[in-house]
Amino acid sequence: MTVDPTVRAAPGPDDPAAAVRADVVTWFDAHARDLPWRAPDRTPWGVLVSEVMLQQTPVVRVEPAWRAWMARWPGPADLAAAPTADVLRAWDRLGYPRRALWLQECARTVVERHGGVLPEDEEALLALPGVGPYTAAAVRAFAFGRRSVVLDTNVRRVLARVAAGVALPAPTQSAAETRLAAAWVPDDDAGAARWSAAAMELGALVCTARAPRCDACPVAERCRWLAAGRPADVHAHRRRTQAWAGTDRQARGRVMALLREALTPVPHDAVAATWSDAAQLARCLDALVADGLVVRHDAPGDDPDPAVATYGLPR
DNA sequence: AAGCCGGGGTG
DNA sequence: CACCCAGGCTT
């Protein structure tokens, strides 16, 4: 079904949502973290870089990486011209290195299709590699100060508790949830951007997933979940934590860590030493090559035997 | 809608 | 040691 993004919050002085928004924004003004991508000298491109890095990676790990990254490649043209191997090394251990690939592709698209200027239009943003509904909305709000429905894991959790009265949002995002979030976003551009930033910050610092600090919450008196006695998560039985040990993701991570450190192509034997299951490693290497994260150099005489090939990061 | 894709800090 | 983190892409 389609969701009308023009749905507005009900006006009026007795609107409880408006009261919550006002208090959350006031709290944000006093408690917002001093993050570099919020600094006055930030650029729209810098905001986009931060949003991509923050996809599933915590703020504390992103901050130093973002500073180094922006110092090295300040704008999309700089990143577009960089060797991909350097980009993947700079990504370091932020995780999900395909994001680094997408970010460079994004930079090249911005240069080629938008003259090196990040577009404000939501459709144009969504068309960029690695930019999905969240990131497009976040860039519109935080880089350009435009109204958008920013719905990340923090906002989902805040609305689940304050508005819906449940411990945590459902495992998968619903259309009703998007509609609710849209209804909570103020009409005006500046107010909308401020609310989104404030709601995310509240979710990150106070209304946390693990141990919420309701005693420090600016809207504790209006929270449906707290009023209900903080009932347990209804969806707990459906949540499945992703396995790690022995998975392809761990194997891929081993390979990428090895190749990031290598200054010259790595012989297959050295790659094989990082993983005991040879068949699994072979699959992962094929997948990494297909993803564009790894390049396989066949031995002279065009021998396709993977056992005598060498591996490296793409130039 | 569900599965896949890193890595590390934390309760 | 399970859980969580400013998600996106593919099927």
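Source: prediction; values computed, not measured. (Residues numbered from 1 in each chain as written. Chains lettered and ligands numbered in written order. Predicted model: local features only at pLDDT ≥ 70, side-chain atom pairs only at ≥ 80, totals over all residues. Heavy atoms only, no water.)

## Some words on the confidence of the model for chain A
Stage number 1. Summary statistics for chain A give a mean pLDDT of 94 and a share of 94% for residues scoring 70 or more.
Stage number 2. Contacts for the low-pLDDT stretch residues 1-10, under 50 throughout, to residues beyond four places or in other chains number 17 contacts. (pLDDT = per-residue confidence, 0-100. Contact = heavy atoms within 4.5 Å.)

## Describing the protein's contact with DNA strand C
Stage number 1. Surrounding DNA strand C, one finds 26 residues, the nearest of these being E51, Y134, T135, R157 and R210.
Stage number 2. The sugar-phosphate backbone supplies 64% of the atoms of DNA strand C found within 4 Å of the protein.
Stage number 3. Taking G130, its main chain carries an N or O atom lying 3.0 Å from a phosphate oxygen of DNA strand C.
Stage number 4. At 2.6 Å, a side-chain N or O of T135 approaches a phosphate oxygen of DNA strand C.
Stage number 5. At the level of elements, helix 6 (98-114), helix 8 (133-142) and helix 9 (153-164) are the ones that each hand at least two residues to the surface near DNA strand C.
Stage number 6. When grouped by side-chain class, the residues that make up the surface near DNA strand C number eleven nonpolar, eight polar and seven charged. (Near = heavy atom within 4 Å. Polar contact = N/O pair within 3.5 Å; in protein donor to acceptor, adjacent residues only side chain to side chain. Helix = DSSP H or I, 4+ residues; strand = E, 2+ residues; numbered from the N terminus. Nonpolar A, V, L, I, M, F, W, Y, C, P; charged D, E, K, R; others polar.)

## Quick word on the nonpolar core
Stage number 1. One finds W45, L48, W69, L103 and L118 to be the most contacted residues of the largest nonpolar core, which totals 92 residues.
Stage number 2. Top contributing element to this core by residue count: helix 11 (residues 189-205), with eight residues.
Stage number 3. If you count residues domain by domain, this core takes at least three from each of domain 1 (16-227) and domain 2 (248-312).
Stage number 4. Residue contacts for L118: discarding those within four places in its chain leaves P44, W45, L48, V110, L125, L128, V139 and F144. (Core = buried A, V, L, I, M, F, W, Y, C linked by side-chain atoms within 4.5 Å. Buried < 20%, exposed > 50% of the residue type's maximum accessible area, 1.4 Å probe, protein only. Domains from an automatic or database assignment.)

## Quick look at the protein's contact with DNA strand B
Stage number 1. Around DNA strand B, a shell composed of 19 residues is seen, among which P97, Q242, R249, R252 and G253 lie nearest.
Stage number 2. Near-protein atoms of DNA strand B (within 4 Å) split between backbone and bases, with sugar and phosphate holding 56%.
Stage number 3. Q56 is positioned such that a nitrogen or oxygen atom in its backbone is 2.9 Å from a base nitrogen of DNA strand B.
Stage number 4. The side chain of Q242 places a nitrogen or oxygen atom 2.5 Å from a base nitrogen of DNA strand B.
Stage number 5. Considering every element that reaches the surface near DNA strand B, the biggest residue donor is helix 13 (residues 248-261), with five residues.
Stage number 6. Each residue belonging to the surface near DNA strand B can be placed in one class, and the counts come to five nonpolar, six polar and eight charged.

## Let's talk about helix 8
Stage number 1. For helix 8, a buried count of nine out of ten residues is recorded, marking the element as mostly surrounded by other parts of the structure.
Stage number 2. Within the span of helix 8, buried status applies to Y134, T135, A136, A137, A138, V139, R140, A141 and F142.
Stage number 3. Where helix 8 is buried, its residues meet helix 2 (44-53), helix 7 (122-126) and helix 11.

## Things to note about the domain arrangement of chain A
Stage number 1. What the domain assignment reports for chain A is domain 1 (16-227) and domain 2 (248-312).
Stage number 2. Between the C-alpha centres of domain 1 and domain 2 there is a distance of 34 Å.
Stage number 3. With eight residues of domain 1 in contact, the opposing surface of domain 2 contributes nine residues.
Stage number 4. Interface area for domain 1 against domain 2, summed over the two sides, is near 720 Å², with a carbon-plus-sulfur share of 56%.
Stage number 5. One can count four residue pairs in polar contact (both at pLDDT 80 or more) joining domain 1 with domain 2.
Stage number 6. At the level of secondary structure, the elements contributing two or more residues to the side of domain 1 that touches domain 2 comprise helix 5 (84-91) and helix 6.
Stage number 7. Looking at side-chain class alone, the side of domain 1 that touches domain 2 contains four nonpolar, no polar and four charged residues. (Buried area = accessible area lost by both parts, 1.4 Å probe.)

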